[in-house]
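The lines below spell out each chain.
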Amino acid sequence: MSNLSVVLIGCGAPLRSMGWYHATQLLDEKSDICASLDFIVEPWFMSDSGKLSPGYTEFAEFQKEAEAKHGIKFFSKVEDVPPVVEGKKRLAIISARTSDNPALFAACLGIGSHAVFLEKPGAPSVAELMKMQESAKKSNVAVFMGFNKNVSKYSEKARKYASANAGTQVTFYHNNNYENSPESLGECFERNAEGMLKNMAIHELALAVSFYNVSVETIASVKADREYSRMQTLPGPSGKDFTDFSKLKFTITTKSGDEVSIAADRCGGDDSIGLVTDKEGNELVRYTMPDSEDSAAIEDAEKRIPGAMPYFYVQHPDYLKLKQRVAQAVANGGPAEGVATIDVAVETLRVAEYLTPTLMKQLK
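Residues numbered from 1 in each chain as written. Predicted model: local features only at pLDDT ≥ 70, side-chain atom pairs only at ≥ 80, totals over all residues. Heavy atoms only, no water.

Draft legend 1. Highlighting the overall build of the protein. Regarding its fold elements, the protein presents ten helices and 13 strands. With respect to the three principal axes, the spread of C-alpha positions in the protein is 60 × 50 × 40 Å. Of all 364 residues assigned to the protein, the portion counted as buried reaches 53%. The long-range fraction of contacts in the protein, counting pairs at least 24 apart against all pairs at least 6 apart in sequence, stands at 75%. Per element, the accessible surface of the protein, about 16,500 Å² overall, is 50% carbon and sulfur. (Helix = DSSP H or I, 4+ residues; strand = E, 2+ residues; numbered from the N terminus. Buried < 20%, exposed > 50% of the residue type's maximum accessible area, 1.4 Å probe, protein only. Contact = heavy atoms within 4.5 Å. Areas by Shrake-Rupley, 256 points an atom, 1.4 Å probe, with all protein chains shown as cover.)

Draft legend 2. Focus on the packing of helix H1 (residues 18-27) against helix H9 (residues 310-332). Where H1 contacts H9, the axes come no closer than 11 Å and their chain directions differ by 60 degrees. With respect to their mutual orientation, H1 and H9 come out oblique. Note that H1 runs across H9; the crossing there is right-handed. Residues Met18, Trp20, Tyr21, His22, Gln25 and Leu26 of H1 form the contact with H9, whose own contacting residues are Phe312, Tyr313, His316, Tyr319, Leu320 and Lys323. Residue classes in the contact of H1 with H9 are distributed as eight nonpolar, three polar and one charged. (Axes fitted to C-alpha atoms, helices over the stretch in contact; angles between N-to-C directions. Parallel < 35°, antiparallel > 145°, perpendicular 65-115°, else oblique. Left-handed = near helix turned anticlockwise from the far one by under 90°. Nonpolar A, V, L, I, M, F, W, Y, C, P; charged D, E, K, R; others polar.)

Draft legend 3. Inspection of the pattern of salt bridges at higher detail. Within the structure shown, the criterion is met by eleven salt bridges. Across the salt bridge formed by Lys153 and Asp294, the nearest N and O atoms sit 3.1 Å from each other. Taken as a pair, Lys153 in helix H5 (residues 153-164) and Asp294 in the loop between strand E13 (283-289) and helix H8 (295-304) lie far apart in primary sequence, 141 residues in all. The residue Arg350 makes a salt bridge to Glu217 at a minimum N-O spacing of 2.7 Å. Taken as a pair, Arg350 in helix H10 (residues 342-362) and Glu217 in the loop between helix H7 (202-211) and strand E8 (219-224) lie far apart in primary sequence, 133 residues in all. (Salt bridge = Lys/Arg side-chain N within 4 Å of Asp/Glu carboxyl O.)

Draft legend 4. Up close: the environment of Ser2. Tracing the chain through its elements places Ser2 in the segment before strand E1 (4-9). It is 5.4 Å that separates the C-alpha atoms of Ser2 and Ala35, two residues lying 33 residues apart in sequence. Leave out the neighbours within four places in its chain, and Ser2 touches Cys34, Ala35, Ser36 and Lys88.

Draft legend 5. Focus on H10. A rise of 1.5 Å per residue sets the reference length of H10, with its 21 residues, at 30 Å; its end C-alpha atoms lie 30 Å apart and thus fit the reference within 8%. Along its length, H10 shows its largest kink, about 30 degrees, at Leu355, and proline Pro357 lies within four residues downstream of that point. Listing the buried residues of H10 in full gives Ile342, Val344, Ala345, Val346, Glu347, Thr348, Leu349, Val351, Ala352, Leu355 and Leu359. Tucked inside the fold, the buried residues of H10 contact helix H4 (126-138), strand E6 (142-145), H7, E8 and strand E10 (241-254). (Expected span 1.5 Å × (residues − 1). Bend = angle between axes of the 7 residues up to and from the residue.)

Draft legend 6. Summary view of the state of the cysteines. On inspection of all chains with the given rule, the structure shows zero disulfides. Cys108 provides the cysteine sulfur closest to Cys34, a residue in no disulfide bond, and the two sulfurs are 19 Å apart. Taking relative accessible area as the criterion, Cys34 reaches 26% and is therefore assigned partly exposed. As a non-bridged cysteine, Cys267 has Cys188 as the owner of its nearest cysteine sulfur, 8.0 Å distant. (Disulfide = S-S within 2.5 Å.)

Draft legend 7. The arrangement of the sheet that holds E1 in detail. With respect to topology, six strands assemble into an open sheet ordered E3-E2-E1-E4-E5-E6, the strand pairing being parallel. The open sheet is flanked by strand E3 (73-75) and E6, the only strands paired with a single partner. Strand-to-strand twist of the sheet, defined as the mean angle between neighbouring strand axes without regard to direction, takes the value 25 degrees. Pairing analysis gives six bridges linking E1 to strand E4 (residues 89-94), with the strands arranged parallel. Counted as the bridge partner of Leu8 is Ile93 from E4. With respect to the sheet, helix H2 (residues 56-70) is in contact with strand E2 (36-41) and E3, its orientation differing from that of E3 by roughly 140 degrees. Contacting E1, E4, strand E5 (115-118) and E6, helix H3 (residues 101-110) runs over the sheet at an angle of about 175 degrees to E4. (Pairing = 2+ DSSP bridges.)

Draft legend 8. Focus on the side chain of Thr277. Its location among the elements puts Thr277 in strand E12 (residues 272-277). Not counting residues within four places of it along the chain, the set of residues in contact with Thr277 comprises Gly167, Thr168, Gln169, Asn282, Glu283 and Leu284.

Draft legend 9. A look at the packing of H8 against H9. Their axes nearest at 9 Å, the elements H8 and H9 cross at an angle of 125 degrees. In terms of their interaxial angle, H8 and H9 are classed as oblique. Handedness of the crossing formed by H8 with H9: right-handed. Contacts between H8 and H9 involve Ala297, Ile298, Ala301, Glu302 and Arg304 from the first element and Tyr313, Val314, His316 and Pro317 from the second. Partitioned by chemical class, the residues of the contact of H8 with H9 number six nonpolar, one polar and two charged.

Shown next, in the form of structure tokens:
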């Protein structure tokens, strides 16, 4: 039995929420995560308003099954979670709305968490994330980030190939499968109102920060690919207009001469690609997520959990790897190999806030 007890904050709707998928992986005996999911905090669906909202029936069914089959205790507030049992360590996994994260994070420190796994981007602003960073340091709490592409095989292989071959250029492509329509993209823009660089492409910016010496202070230039990119202003379900990128590609050059390119397409499919080219732009090699090695795990997940969001299956192996490494590090000590920390997240969010107005200006 593991000495690591997990509190999941933000379960959300089954089949649609990343928090629910975290729970599903933690409860799967085949996952080999050295931790026990003991508590789930769900502020929305356990509120009076949430009980009247779409998805509540499915959540209530999941709660009933989890309580009966696994003995998990559910709460509406983090503060209601019981104290840590002597001899155990506590890992809090926060998978909630970005705007709610600062308050939830503070509450997790208040219930004696030894470590926190925080979903991207961590907080709505750099200032808020830095406050969280400082409070974690004062409480001696390690904070790991859900930047799954930091541990993805495709990104590792692309970086390794490029480093072994001088004069090459790496572009990290990130595709989502939204319908290419004003209605679908407008809903996406409103639901992810922090913008593409703080949401979808934050994973690739974390790669740039982690492995290419990118920071606000080291950026010499950034250039948007106008032919590839598209910026749109669209109404969301509320009727309010939102301006964001539906497609975006750009190259960052650092003051030391390092270069990395990032491309994101909300309507480009389900895969992610690490593309390595020569100086003339000719393709040398590409690595993809998912790849043939992941296909069996993905197919198994689709069979066991039918009807979930497609990207859950695609990212299944990497999110599993993240939790395995974090749980191992918290339970037994030592580093979580390749896993981004809140320090990386702060710099990544700084870069996102710095680049967004610059790229928008270039694409007007």
